[in-house]
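Inside the fold
Each chain, written out:
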Amino acid sequence: MVEELRKRGMLAVSGNSSDPAILIQAHIARAHILVIATPDSFPVRRIIEIARMLNPSVETVVRTHSDEDAALLQKEHAGKIFMSEHELALGMIRYVLELIAETEKNTLAE
């Protein structure tokens, strides 16, 4: 996928982002936001540590799967944390509420 993106003239990097060389290649020093979607908190913590060493002002957005990991990441000021199951539930609720609103709107229009 990275090679295909590069052929199209797009910047793309692939690799383990807990390796400082990968973050450097991705220009973390100039980044405003770093999105980390790996579910394992140990590499996430390492990635954030490296990223902040290279760019102290980078904002981080992190995915996690457990309350324990979320609490640990919050304690370490990991940035904005999204817990997969909570976000999925919120998305489902929003969708259902939109359907209900649309149904009510259509019923009133009749």
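So, here's what we can say about the structure. (Residues numbered from 1 in each chain as written. Predicted model: local features only at pLDDT ≥ 70, side-chain atom pairs only at ≥ 80, totals over all residues. Heavy atoms only, no water.)

1. Considerations on the layout of surface pockets
Quantified by volume, the largest pocket comes out at close to 250 Å³. Within the residue set of the lining of the largest pocket, elements represented by two or more residues are α2 (20-25) and β1 (33-36). For the lining of the largest pocket, the element with the most residues is β1, which contributes four residues. Classifying every residue of the lining of the largest pocket by side-chain character gives twelve nonpolar, four polar and no charged. (1 Å grid on protein atoms, 1.4 Å probe; cavity = no way out; pocket = protein on both sides within 12 Å on 5 of 7 lines; lining within 4 Å. Points joined across faces, edges and corners; volume = space filled by probe spheres on them. Helix = DSSP H or I, 4+ residues; strand = E, 2+ residues; numbered from the N terminus. Nonpolar A, V, L, I, M, F, W, Y, C, P; charged D, E, K, R; others polar.)

2. Some points on unusual backbone geometry
Despite not being glycine, His27 shows a phi value in the positive range, around 60°. You can call His27 partly exposed: its relative accessible area is 39%. Even without being a glycine, His77 presents a positive backbone phi close to 55°. Examined against the element boundaries, His77 turns out to sit in the loop between α4 (67-75) and β3 (80-83). On the basis of relative accessible area, His77 is assigned to the exposed category, the value being 61%. (Buried < 20%, exposed > 50% of the residue type's maximum accessible area, 1.4 Å probe, protein only.)

3. Here we look at the environment of Asp40
Mapped onto the secondary structure, Asp40 falls in the loop between β1 and α3 (41-54). Note on Asp40: relative accessible area 44%, which makes it partly exposed. C-alpha separation for the pair Asp40 and Ser66, spaced 26 residues apart in sequence, amounts to 9.8 Å.

4. A few points about a nonpolar patch on the surface
Judged by side-chain polarity, Leu90, Ile93, Tyr95, Val96, Leu97, Leu99 and Ile100 come together as a nonpolar surface patch covering roughly 650 Å² of accessible area. By the secondary structure assignment, Val96 is in helix α5 (residues 84-109). Overall, the relative accessible area of 43% leaves Val96 in the partly exposed class. (Patch = residues over 30% accessible without salt bridge, like charges linked within 9 Å, V, L, I, M, F, W, Y side chains within 5 Å. Areas by Shrake-Rupley, 256 points an atom, 1.4 Å probe, with all protein chains shown as cover. Salt bridge = Lys/Arg side-chain N within 4 Å of Asp/Glu carboxyl O.)

5. Focus: the pairing of strand β2 (residues 59-64)
With burial as the criterion, only one face of β2 is covered, namely that bearing Thr60, Val62 and Thr64; the residues Glu59, Val61 and Arg63 on the opposite face remain uncovered. Two strands pair when backbone bridges link them, and β1 and β2 are joined in this way by four bridges, in the parallel orientation. Counterpart to Ile33 in the pairing with β2 is Glu59. In this region the chain leaves β1, passes through α3 and returns to the parallel neighbour β2; the handedness of that crossover is right-handed. Pairing analysis gives four bridges linking β2 to β3, with the strands arranged parallel. Directly across from Thr64, in β3, lies its bridge partner Met83. (Pairing = 2+ DSSP bridges. Right-handed = clockwise from strand over helix to strand, strands pointing away.)

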